[in-house]
Amino acid sequence: VPSLFYSAPPGDVPLVLAIGHEFVLGSYLGPPLAFWFGEIAYRLAGSFGLYALAQACIVVAYWAIFALGRAIVGTRHAVLAVLLMVGIAAFTVPTPNFGPAILAAPLWALGLLYYWRAVGEDKRGYWLLLALDLGLLLLASYVGLILLVLMIVFTLSTERGRRAAWHPEMWIATLLLC
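Residues numbered from 1 in each chain as written. Predicted model: local features only at pLDDT ≥ 70, side-chain atom pairs only at ≥ 80, totals over all residues. Heavy atoms only, no water.

1. What about the packing of aromatic side chains?
- In this structure the tally under the stated criterion is 3 aromatic pairs.
- When the ring of Tyr-115 is compared with that of Trp-127, the centres are 6.3 Å apart and the planes differ by 90°; the resulting orientation is edge-to-face. Of the two residues, Tyr-115 sits in helix α5 (residues 100-120) while Trp-127 sits in helix α6 (residues 126-140), which places them 12 residues apart along the sequence. Considered together, Tyr-115 and Trp-127 belong to a single accessibility category, that of buried residues.
- Ring centres 6.0 Å apart and planes at 70° place the aromatic pair Tyr-115 and Phe-154 in the edge-to-face group. In this pair, Tyr-115 sits in helix α5 while Phe-154 sits in helix α7 (residues 144-157), placing the two residues 39 residues apart along the sequence.
- Accessibility expressed as a relative area gives 10% for Tyr-115, which makes it buried.
- Accessibility expressed as a relative area gives 39% for Phe-154, which makes it partly exposed.
- By way of ring pairs, the aromatic residues Tyr-115, Trp-127 and Phe-154 are connected into one cluster. (Phe/Tyr/Trp six-rings, centres within 6.5 Å; stacked < 30°, edge-to-face > 60°. Helix = DSSP H or I, 4+ residues; strand = E, 2+ residues; numbered from the N terminus. Buried < 20%, exposed > 50% of the residue type's maximum accessible area, 1.4 Å probe, protein only.)

Written out as structure tokens, the structure is:
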């Protein structure tokens, strides 16, 4: 739909493409991952590829929130959580404006899902997925540091978190993240 109504890329997308075109390791706008993905999507499919990438990021964020909600409160409430997110302007209106914030949304949601699976459900294999996800989030946006710090605080301040901190998978994931 955005490719039908926008004659030029909206918002900061031209800036994302200009920085991504050079494949620099960073700029004054932040870490490079969103710029690289934007440039790759644009080279593969033009503006449509960029809009499709932005919408795929939002769909993955919705799916991760649904999966997390289903694991915690059940399917009905998970559906309600996703429907409430659809009503939030940040997840609907600016989505054609691909950039670090749009790329960080699914990585943040997946990080929460993987953390719940690793700590809340004691599924140890998710520690490695969490490390990979947090590494990508830190390459997408510096805001990922907030999530990382909150996860560390929660892990150290709760009994369930301290119990999970003794698993060797958590230490391997920590080394991979560093």
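2. Here's the deal with unusual backbone geometry
- With a phi close to 55°, Asp-122 is a non-glycine residue in the positive phi region.
- Among the secondary structure elements, Asp-122 is positioned in the loop between α5 and α6.
- Note on Asp-122: relative accessible area 43%, which makes it partly exposed.

3. Observations concerning the pattern of salt bridges
- Tallied over the entire structure, the rule returns 4 salt bridges.
- One salt bridge in this structure joins Arg-43 and Glu-39, with 2.7 Å as the shortest N-O distance. Of the two residues, Arg-43 and Glu-39 are both situated in helix α3 (residues 33-72); the distance of 4 residues between them amounts to about one turn of the helix.
- If you follow the salt bridges from partner to partner, you end up with Arg-117, Glu-121 and Lys-123 in one network. (Salt bridge = Lys/Arg side-chain N within 4 Å of Asp/Glu carboxyl O.)

4. Considering the environment of Gly-144
- Along the chain, the position of Gly-144 falls in helix α7.
- Considering only alpha carbons, one finds Gly-144 and Trp-108, 36 residues apart in sequence, at a separation of 7.3 Å.
- Here Gly-144 is in contact with Trp-108, Leu-137 and Leu-138, once residues within four sequence places are set aside. (Contact = heavy atoms within 4.5 Å.)

5. Focus on the packing of α5 against α7
- As a packed pair, α5 and α7 sit with axes 11 Å apart at the nearest point and diverge in direction by 15°. Considered as vectors, α5 and α7 are oriented roughly parallel to each other. Handedness of the α5/α7 crossing: right-handed. Only Gly-144, Ile-146, Leu-147, Met-151, Phe-154 and Thr-155 of α7 make contact with α5, whose side of the interface consists of Trp-108, Gly-111, Leu-112 and Tyr-115. (Axes fitted to C-alpha atoms, helices over the stretch in contact; angles between N-to-C directions. Parallel < 35°, antiparallel > 145°, perpendicular 65-115°, else oblique. Left-handed = near helix turned anticlockwise from the far one by under 90°.)

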